[in-house]
2 protein chains.
Amino acid sequence: MKKIQLLGATGSIGKQALEIIEEFREQFSLQAVSARNSVKTVLEILSRHEVEMVSMAKKHEETIKRAYPEVAFYALEEDGLETIANTENDTVLLNALVGSVGLPPTLRAIERGKDVLLANKETLVVGGPLIREALETSNSSLIPIDSEHAALRECLRGSDIDDVERLVITASGGSFRNLAKKDLENVTQEDALKHPNWSMGAKITIDSATMMNKVFEIIEAHYLFDMPYEKIEAVLHKESVLHGLVQFNDGNVLAHLGPSDMRIPILSAMQGSKRMPFPTLFDLATLGTLHFEPIDTERYSLFDLGLAVAKQGGLHVVTLNAANEVAVQLFLEEKISFLEIESLIKKALNHYTNDNHLTLEKILEHDRNVRAYVRNFV
Amino acid sequence: MKKIQLLGATGSIGKQALEIIEEFREQFSLQAVSARNSVKTVLEILSRHEVEMVSMAKKHEETIKRAYPEVAFYALEEDGLETIANTENDTVLLNALVGSVGLPPTLRAIERGKDVLLANKETLVVGGPLIREALETSNSSLIPIDSEHAALRECLRGSDIDDVERLVITASGGSFRNLAKKDLENVTQEDALKHPNWSMGAKITIDSATMMNKVFEIIEAHYLFDMPYEKIEAVLHKESVLHGLVQFNDGNVLAHLGPSDMRIPILSAMQGSKRMPFPTLFDLATLGTLHFEPIDTERYSLFDLGLAVAKQGGLHVVTLNAANEVAVQLFLEEKISFLEIESLIKKALNHYTNDNHLTLEKILEHDRNVRAYVRNFV
């Protein structure tokens, strides 16, 4: 029985992770959950699982304790996520948080020698160097849940990472892929949230439309697989059938395909090396046509900008991520236009100087500063 | 240093295997070669490699012995191939023969505990049950060189064969894929030999146009991976970029892609588990479009017929293979039309009753009988 600590239990990945845990009740149990404010959903979860620990905003403590007095409650405001990540070694941490708030608990879990199943991109985007450093002195495995990285991990099964010539991930192009750059001026929040292939959270759906999501995924791949940026590539692939591909140095090329169903990478990360039967539909014969093309970097101008920042590394990447996170939020709140996401990010990057000596404190402080700076513009 | 015994050294696969051996002279050496009549090519090979054993038609013995008196010569007519296969254990047998003549040396090598790198389809097509039986009491590995099976083997790296839901191989559709069935009446040998994607031997190029090649490959996959026919599928894929695909029971799907270059599966089979760097070109971003569709079994009527025979098993499969081999030869000699290949195969299948108790002797005798029977029709 694998005991799961699920951070971000009420988001898109969190909900699907719960589906998997409930589908495989013999193999998995839920030991801890976190959510910010979705009290109703958390109470439902607690009614179905024997959860030992809960972390939420402090104001929900009384509600939770009244209904489940035996459950330990840790306030988010008092490092609740890190407290959960720091407990007993026979659990695994499934980090489905959104945003840089995901970094500290991942770090803590790795330091504790706990395996981390990672759906939180920002852990590696803003804290990649710290995570790699922590992994070097830890027995814990960092297992990706992001579909592209889970795809690459499957392609790498039974192979040596040193034999890799190139890692390739695919990009759907997002909600506005059929629009020219000039047509992006007046697109609405509602249109932006209609992703053609995947049903995902709001933030990542907007990041997909700007192609910033692919920048983050390239950074993730860089730190996850310890692979230089020159060997990582993203390719436009409208159908989202082929998620990732590995070219080996002997001419063999392996690709991962499948339906756009996040439960597959979630189960893959949770199950370990022994596959657990999970019926899904896939039929190569009826796929029809798959398209591949290079990413048009004039159309997706944030892609080149983001990659350049990624290659510089350091606090500049934190600036990129924080400015993007706030700008996307402002767009979702209808306070800025779609194209202003990019201009806000550029303003932030121009305002701050880079620093390649990262510490967790420095990252978190800079993250707060950049957010405040970008919010000030509107 | 891996010592290679190369049977069928002057055919398409044989030549490319020699290229690989010469490219990786530190890793591989050529210990034995066979060819029927290409004396000039064999003398060239002997001038470049320190070969210990040669097998050819008896009439070439003097020529070879005069030029290379230190080389041991074994006549094909006197079981020369089996003699080579039967020698010392520190060699591996690369079987690049064409036709059922490839079965006895494969069997002998497996009984001797020698690894066999198999490009000879007929070994498994007509002798599958014998090969599986021999493998059960032998330490030898049977490693496919056929591109589709090499693809499946790569997809299976690091995974358990019991977790496989389905094996899928692709078919290009062959030289006449853009013609309707009615247009096949008067196609020529010359047209038939123009394969759109692969440069291969004549026999397999015709088998590709009739889709019989895919039947043989499904039979091969059945015996190679010990997989029921219900779990093996072929899909039409014009570009020949995706060669094989494995669907696992946990929803993960891995595919093997790459250029149409047989040196990749040849090297993959020869190198063992450690990959050897071999620069090849592959670029997902510039692939453009890949098409997939079910095989039209009315258009490719031999496909369903062949599969039905495969599922019956036994001597009927030998009939299918031998009748096809002679019919293709007759077509190449311009003695029958393209569509008569199918009618000759049907005649042979109707003429013989099935027998599921196979022995090597029974197979070889039946093979000779069917060939004579089919040849009698023209």
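Residues numbered from 1 in each chain as written. Chains lettered and ligands numbered in written order. Predicted model: local features only at pLDDT ≥ 70, side-chain atom pairs only at ≥ 80, totals over all residues. Heavy atoms only, no water.

Enquirer: Please set out the overall build of chain A residue by residue, giving values where relevant.
Expert: Per the secondary structure count, chain A includes 15 helices and 12 strands. At 20 Å, chain A has a C-alpha radius of gyration in line with the 21 Å of a compact globule built from 378 residues. Considered along the principal axes of its C-alpha atoms, chain A spans approximately 55 × 50 × 40 Å. Within chain A, the fraction of its 378 residues that count as buried is 61%. If you take every contact in chain A between residues at least 6 apart in sequence, the share linking residues at least 24 apart comes to 67%. With an accessible surface of roughly 14800 Å², chain A has 47% of that area assigned to carbon and sulfur atoms. Put simply, chain A has 39 plus and 55 minus side-chain charges, and the middle of one group is 3 Å from the middle of the other. (Helix = DSSP H or I, 4+ residues; strand = E, 2+ residues; numbered from the N terminus. Rg over C-alpha atoms; globule rule 2.2 N^0.38 Å. Buried < 20%, exposed > 50% of the residue type's maximum accessible area, 1.4 Å probe, protein only. Contact = heavy atoms within 4.5 Å. Areas by Shrake-Rupley, 256 points an atom, 1.4 Å probe, with all protein chains shown as cover. Lys, Arg positive; Asp, Glu negative; His and termini not counted. Charge placed at Lys NZ, Arg CZ, Asp CG, Glu CD.)

Enquirer: Any chance you could break down the domain arrangement of chain A for me, citing the residues and the numbers?
Expert: All names here are of chain A. On domain assignment, one finds that chain A holds domain 1 (2–144) and domain 2 (148–312). Between domain 1 and domain 2, the residue contacts involve 26 residues of the former and 28 residues of the latter. Roughly 2400 Å² of surface becomes buried between domain 1 and domain 2 when both sides are summed, with 73% attributable to carbon and sulfur atoms. Remark: the boundary between domain 1 and domain 2 carries five salt bridges. When the shortest N-O distance is used, the salt bridge between glutamate 122 and lysine 203 registers 3.7 Å. For the pair domain 1 and domain 2, the interface holds five residue pairs in polar contact (both at pLDDT 80 or more). At the level of elements, strand E1 (2–7), helix H1 (12–23), helix H6 (121–136) and strand E7 (142–144) are the ones that each hand at least two residues to the side of domain 1 that touches domain 2. Taken together, the residues of the side of domain 1 that touches domain 2 break down into 16 nonpolar, four polar and six charged. (Domains from an automatic or database assignment. Buried area = accessible area lost by both parts, 1.4 Å probe. Salt bridge = Lys/Arg side-chain N within 4 Å of Asp/Glu carboxyl O. Polar contact = N/O pair within 3.5 Å; in protein donor to acceptor, adjacent residues only side chain to side chain. Nonpolar A, V, L, I, M, F, W, Y, C, P; charged D, E, K, R; others polar.)

Enquirer: I'd like a description of the pattern of salt bridges, backed by residues and values.
Expert: Taken as a whole, this structure holds 62 salt bridges over all chains when the rule is applied. Between glutamate 217 of chain A and lysine 121 of chain A there is a salt bridge, with its nearest N and O atoms 2.9 Å apart. Of this pair, glutamate 217 of chain A sits in helix H10 (residues 212–224) while lysine 121 of chain A sits in helix H6, and the two are 96 residues apart along the sequence. Summarising the burial analysis for this pair, glutamate 217 of chain A and lysine 121 of chain A share the class buried. As a salt-bridge pair, aspartate 183 of chain B and lysine 182 of chain B come within 3.3 Å of each other at their nearest N and O atoms. When its relative accessible area of 37% is taken as the criterion, aspartate 183 of chain B is described as partly exposed. Within the structure, one salt-bridge network assembled from shared partners comprises Lys121, Asp146, Glu148, Lys214, Glu217 and Glu220 of chain A.

Enquirer: Account for helix H7 (residues 147–156) of chain A, naming residues and giving values.
Expert: Given 3.6 residues per helical turn, the α-helix brings residues three or four places apart onto the same face. All names here are of chain A. Among the 10 residues of H7, nine are classified as buried, and the element is accordingly described as predominantly covered. Among the residues of H7, those classed as buried are Ser147, Glu148, His149, Ala150, Ala151, Leu152, Glu154, Cys155 and Leu156. Just downstream of H7, glycine 158 is the residue with a positive phi angle, here 75°.

Enquirer: Give me the lowdown on helix H9 (residues 202–210) of chain A, citing residues and values where you can.
Expert: All names here are of chain A. Of all nine residues in H9, eight are buried; the element is thus mostly enclosed. Of all the positions in H9, only Lys203, Ile204, Thr205, Ile206, Asp207, Ser208, Ala209 and Thr210 are classed as buried. Buried-residue contacts for H9 involve H6, helix H8 (189–192), H10, helix H12 (301–312), helix H13 (315–332) and helix H14 (340–351).

Enquirer: Account for the interface of chain B and chain A, naming residues and giving values.
Expert: Tallying the contact residues gives 48 residues for chain B and 48 residues for chain A. Three residues stand out in chain B for area buried against chain A, namely Asp250, Arg275 and Leu284 of chain B, and they jointly supply 18% of the buried area on that side. Applying the counting rule to chain B against chain A returns six salt bridges. The residue aspartate 250 of chain A makes a salt bridge to arginine 275 of chain B at a minimum N-O spacing of 3.0 Å. For the side of chain B that touches chain A, the elements supplying multiple residues, two or more each, are helix H7 (147–156), strand E8 (164–171), strand E9 (232–236), strand E10 (242–248), strand E11 (253–257), helix H11 (263–271) and strand E12 (288–292) of chain B. Of the residues assigned to the side of chain B that touches chain A, the class counts are 23 nonpolar, 14 polar and 11 charged. In this sheet, E12 of chain B lies alongside strand E12 (residues 288–294) of chain A in antiparallel orientation, the contact comprising five bridges. Residue phenylalanine 292 of chain A lies in a different strand from E12 of chain B, and its bridge partner there is glycine 288 of chain B. (Pairing = 2+ DSSP bridges.)

Enquirer: Outline the relation of the copies chain B and chain A, supporting the account with residue identities and numerical values.
Expert: Rotating chain B by 180° about the axis while translating it 0.0 Å along that axis superimposes it on chain A, leaving an RMSD of 0.0 Å. As the rotation angle and translation indicate, the two copies are arranged about a two-fold axis. The position closest to the rotation axis in chain B is occupied by the C-alpha of glycine 158 of chain B, lying 2.0 Å away. When the interface residues of chain B are mapped onto chain A, 100% of them again fall at the interface, so both copies present the same face. (Least-squares fit on C-alpha atoms with pLDDT ≥ 70 in both.)

Enquirer: So what's going on with the packing of helix H10 (residues 212–224) of chain B against helix H13 (residues 315–332) of chain B? Residues and values would help.
Expert: Residue and element names in this part refer to chain B. Interaxial distance between H10 and H13 falls to 12 Å at its minimum, and their mutual angle equals 145°. Seen from above, H10 lies across H13 with left-handed handedness. Where H10 abuts H13, its residues Met212, Val215, Phe216 and Ile219 lie against Val317, Leu320, Asn321 and Asn324. Grouping the constituent residues of the contact of H10 with H13 by class yields six nonpolar, two polar and no charged. (Axes fitted to C-alpha atoms, helices over the stretch in contact; angles between N-to-C directions. Left-handed = near helix turned anticlockwise from the far one by under 90°.)

Enquirer: With reference to specific residues and values, describe the pairing of strand E11 (residues 253–257) of chain A.
Expert: With five of its five residues buried, E11 of chain A lies for the most part within the structure. By the alternation rule, side chains of E11 of chain A split into Val253, Ala255 and Leu257 of chain A and Leu254 and His256 of chain A, which are all buried. Across five bridges, the pairing between strand E10 (residues 242–248) of chain A and E11 of chain A is antiparallel. Each bridged residue has a counterpart across the sheet, and for leucine 242 of chain A the counterpart in E11 of chain A is leucine 257 of chain A. Taking the residues between adjacent antiparallel strands as the criterion, E10 of chain A and E11 of chain A are bridged by four residues, where glycine 251 of chain A takes a positive phi near 95°. The sheet contact formed by E11 of chain A and E11 of chain B spans five bridges and is antiparallel. When the bridges of E11 of chain B are listed, histidine 256 of chain A appears paired with leucine 254 of chain B.

Enquirer: Give a detailed account of a negative patch on the surface, specifying residues and quantitative values.
Expert: On the surface, Glu50, Glu52, Glu70 and Glu88 of chain A cluster together to form a negatively charged patch. Checked against the element boundaries, glutamate 88 of chain A lands in the loop between helix H4 (80–85) and strand E5 (91–95). (Patch = residues over 30% accessible without salt bridge, like charges linked within 9 Å, V, L, I, M, F, W, Y side chains within 5 Å.)

Enquirer: Break down the environment of isoleucine 341 of chain A for me, citing the residues and quoting the values.
Expert: Residues and elements named next belong to chain A. Relative to the helices and strands, isoleucine 341 is located in helix H14. In the structure, isoleucine 341 is positioned 176 residues away from glutamate 165 in sequence and 34 Å away in space, judged by C-alpha atoms. Not counting residues up to four positions away in its chain, the partners in contact with isoleucine 341 are Ile206, Thr210, Asn324, Ala327, Val328, Phe331 and Ile336.

Enquirer: Before we move on, could you go through the packing of H14 of chain A against helix H15 (residues 360–375) of chain A and cite the residues and values that matter?
Expert: All names here are of chain A. In contact at an axis separation of 10 Å, H14 and H15 are set at 125° when each is read in the N-to-C sense. Taken together, the axis directions place H14 and H15 in an arrangement best described as oblique. Once H14 is placed against H15, the crossing between them reads as right-handed. Contacts from Leu344, Lys347, Ala348 and His351 of H14 reach H15 at Val370, Tyr373 and Val374. Grouping the constituent residues of the contact of H14 with H15 by class yields five nonpolar, one polar and one charged. (Parallel < 35°, antiparallel > 145°, perpendicular 65-115°, else oblique.)

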